[in-house]
Amino acid sequence: MGQVQATTDKEVTLQNIQELYRKFTSECPSGNLHLHEFKKIFGVSSKSTEEELAFIELVFSSFDTNKDGKLDFMEYVAAVNLVLRGKLVDKLKWSFKVYDNDGNGSLTDQEVKRVVKIITKIKRRDDRNVDDVDNICDRIFELVDKNKDSQISLEEFIEGTEKDPWLLEQLRLDIAPTDWFMKHQEKKT
């Protein structure tokens, strides 16, 4: 689940959307992409760690904007566009949405800890203790929570991560699709 920067800034054309639709209906004849299919796209399997499973479920949920448990074509296009072509600010807004568990527009210490714990375990592949996560979260709040209200707003989140490389590394949730997905995106149907 490495970091991926947009490979091109070109606009999505009608032809691109039609091609995506052909591929989507070929891979998802039901018209919906379900969690198990989404996991396959991002290389998450039954052999994946508990943290990777939790993370991919958070990601899936963030793209499932109508919360019906599946991605329709429009949700799929938005996800593909963000992952493959999204600008940093858009990826940061999406990352904030993943962190914001209750959807109230601000992040609490517990919301940040929940995601940082998962990401830390995925990145380090070991059992770092809770103190490490607590220290990371304390530092995040020290650097980002400018008005010291014990919450991080979207504006504070974006401003902090754009200015500090360490914060960007800790908070940005870029995901990389597997080779399977990339091959299917390149295939002509």
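Below you will find a few notes about this structure.

How each quantity is defined
Residues numbered from 1 in each chain as written. Predicted model: local features only at pLDDT ≥ 70, side-chain atom pairs only at ≥ 80, totals over all residues. Heavy atoms only, no water. Core = buried A, V, L, I, M, F, W, Y, C linked by side-chain atoms within 4.5 Å. Buried < 20%, exposed > 50% of the residue type's maximum accessible area, 1.4 Å probe, protein only. Helix = DSSP H or I, 4+ residues; strand = E, 2+ residues; numbered from the N terminus. Contact = heavy atoms within 4.5 Å. Phe/Tyr/Trp six-rings, centres within 6.5 Å; stacked < 30°, edge-to-face > 60°. Lys NZ or Arg CZ within 6 Å of the ring centre and 35° of its normal.

This next bit is on the nonpolar core. One finds Phe38, Phe63, Tyr99, Val112 and Ile140 to be the most contacted residues of the largest nonpolar core, which totals 48 residues. With 8 residues, the top contributor of residues to this core is helix H4 (residues 73-85). Those residues within four positions of Ile140 in sequence are excluded, and the remaining contacts are Val112, Val116, Asp145, Ile152, Trp166, Leu167, Gln170 and Leu171.

Right, let's talk about the environment of Thr108 for a bit. As for its placement among the helices and strands, Thr108 is situated in the loop between strand E1 (106-107) and helix H6 (109-124). For the pair Thr108 and Gln151, spaced 43 residues apart in sequence, the C-alpha to C-alpha distance is 5.0 Å. Each residue touching Thr108, except ones within four places of it in the same chain, is listed here: Phe141 and Ser150.

The next point concerns the packing of aromatic side chains. A full pass over the atoms with the stated rule returns 9 aromatic pairs. When the ring of Phe24 is compared with that of Tyr76, the centres are 4.8 Å apart and the planes differ by 45 degrees; the resulting orientation is tilted. Taken together, the residues span a long stretch of sequence, with Phe24 in helix H1 (residues 14-27) and Tyr76 in helix H4 at a distance of 52 residues. Of the residues examined, Phe24 reaches a relative accessible area of 2% and is grouped as buried. Residue Tyr76 is classed as buried on the basis of its relative accessible area, which comes to 8%. Seen from their ring centres, Phe73 and Tyr76 are 6.5 Å apart, and the 35 degrees between their planes marks the pair as tilted. Of the two residues, Phe73 and Tyr76 both sit in helix H4, 3 residues apart, roughly one turn of that helix. Note on accessibility: Phe73 and Tyr76 belong to one class, buried. Members of the aromatic cluster, connected to one another through ring pairs, are Tyr21, Phe24, Phe73 and Tyr76. A cation over a ring is seen here: Arg139 above Trp166, with NZ or CZ 3.9 Å from the ring centre.

So, to be careful, I would describe these as geometric facts and stop short of saying anything about function.
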